[in-house]
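Structural features, examined
In case you want the letters, here they are:
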Amino acid sequence: MRIITGTAKGCNLKTPKGMNTRPTSDRVKESLFSILGSDVGGSVLDLFAGTGALGLEALSRGADSCVFVDQATADIIRFNAERTHLSDRCTVLGGDVFSQLKRLDGQGRRFDMVFCDPPYHHGLAHRVLEYLENSGLLAPDALVIVEYGGDEEELPPTVRLRPVKDQRYGRTTRIGFYHLPPSEDREDA
């Protein structure tokens, strides 16, 4: 697992040993960022961050900052942030993702892009989408990217987040792209 391009291009990332993690493959990550194109900027939130690969890739490609949340791998994310020389733009939070979302919302934090890569088959992806659309965490024009199981049904629709694309990668992985139109921003609604 490595950073594909940008300021940290080619840097290898440490991965957890003996844990039930499922890092996003370089092939899927490369395709994902190809779809995003030059739209990587602003403030990023990486949920169920694992190694931190998605958020670190975004930082390497020009994002301003990234908050990483993962209950089990905060130390690995910090190590990878140091290894890639991107730690000055990183905040790493351990603990339960939903507790941290509530905390970030209470602090008035807002994000332009959110990556969500939860364990498959537990309904967590849809729960995160519902939480995000009912919180103040999304900036106007925000993009939410959710990874889920290739054998799972397409994520149910949400009220405010508009599905843009649902991409399948083999039998194991799907990625849904959701957009919060500027007029749907919570403060404007």
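Everything below is about the structure shown above.
One structure accompanies this document, and this report is about it. (Residues numbered from 1 in each chain as written. Predicted model: local features only at pLDDT ≥ 70, side-chain atom pairs only at ≥ 80, totals over all residues. Heavy atoms only, no water.)

Before going further, it helps to examine the overall build of the protein. Scanning the protein from terminus to terminus reveals five helices and seven strands. In the protein, the succession of α and β elements from N to C terminus is α-β-α-β-α-β-α-β-α-β-β-β. Here the C-alpha radius of gyration of the protein, 15 Å, is about what a compact globule of 189 residues would show, namely 16 Å. A principal-axis box enclosing the C-alpha atoms of the protein has dimensions of 40 × 35 × 30 Å. In the protein, which comprises 189 residues, the proportion classed as buried is 52%. Sequence-distant contacts, at least 24 apart, represent 66% of the contacts inside the protein between residues at least 6 apart. Surface summary for the protein: the accessible area is close to 8900 Å², and the carbon and sulfur share equals 46%. (Helix = DSSP H or I, 4+ residues; strand = E, 2+ residues; numbered from the N terminus. Rg over C-alpha atoms; globule rule 2.2 N^0.38 Å. Buried < 20%, exposed > 50% of the residue type's maximum accessible area, 1.4 Å probe, protein only. Contact = heavy atoms within 4.5 Å. Areas by Shrake-Rupley, 256 points an atom, 1.4 Å probe, with all protein chains shown as cover.)

Let us now look at the nonpolar core. In terms of nonpolar packing, the biggest core is built from 32 residues, with Leu32, Leu36, Leu56, Phe68, Phe115 and Ile145 touching the most fellow members. Among the elements of the structure, helix H1 (26-36), helix H2 (53-60), strand S2 (65-69), helix H3 (74-83), strand S3 (90-93), strand S4 (111-116), strand S5 (138-149) and strand S7 (173-179) are those that each provide at least two residues to this core. With sequence-adjacent residues up to four places away left out, Leu36 is seen in contact with Met113, Phe115, Leu143, Ile145 and Phe177. Core analysis: the next-biggest nonpolar cluster, separate from the first, contains 28 residues, Leu93, Leu104, Leu137 and Leu155 among them. (Core = buried A, V, L, I, M, F, W, Y, C linked by side-chain atoms within 4.5 Å.)

Glancing now at the environment of Val67. Residue position: Val67 is located in strand S2. Separated by 12 residues in the primary sequence, Val67 and Gly55 have C-alpha atoms spaced 8.0 Å apart. Setting aside residues up to four positions removed in sequence, Val67 forms contacts with Val44, Leu45, Asp46, Thr91, Leu93, Leu104, Arg109 and Phe111.

Below, the discussion takes up the sheet that holds S2. Spatial ordering of the open sheet is given by S3-S2-S1-S4-S5-S7-S6, a layout of seven strands whose pairing is mixed. Unpaired on one side and paired on the other, S3 and strand S6 (162-169) mark the two borders of the sheet. Between one strand and the next, the sheet's axes are offset by a mean angle of 15 degrees, whatever the strand orientation. In the packing of H2 onto the sheet, the strands contacted are strand S1 (43-47), S2, S3 and S4, and the crossing angle to S2 comes to about 175 degrees. Running over the sheet, helix H4 (residues 97-106) touches S1, S2, S3 and S4 and is turned about 155 degrees from S1. (Pairing = 2+ DSSP bridges. Axes fitted to C-alpha atoms, helices over the stretch in contact; angles between N-to-C directions.)

Within this structure, the stated rule accounts for one aromatic pair. Measuring from centroid to centroid gives 5.8 Å for Phe33 and Phe115, while their planes differ by 45 degrees, and the two rings are tilted. Highlighted residues: Phe33 in helix H1 and Phe115 in strand S4, separated in sequence by 82 residues. For the pair Phe33 and Phe115, a shared accessibility class is recorded, and that class is buried. The ring of Phe79 has Lys14 sitting right over it, with the charged end atom 4.9 Å from the ring centre. Its end group placed over the ring of Phe98, Arg127 keeps NZ or CZ at 3.9 Å from the ring centre. (Phe/Tyr/Trp six-rings, centres within 6.5 Å; stacked < 30°, edge-to-face > 60°. Lys NZ or Arg CZ within 6 Å of the ring centre and 35° of its normal.)

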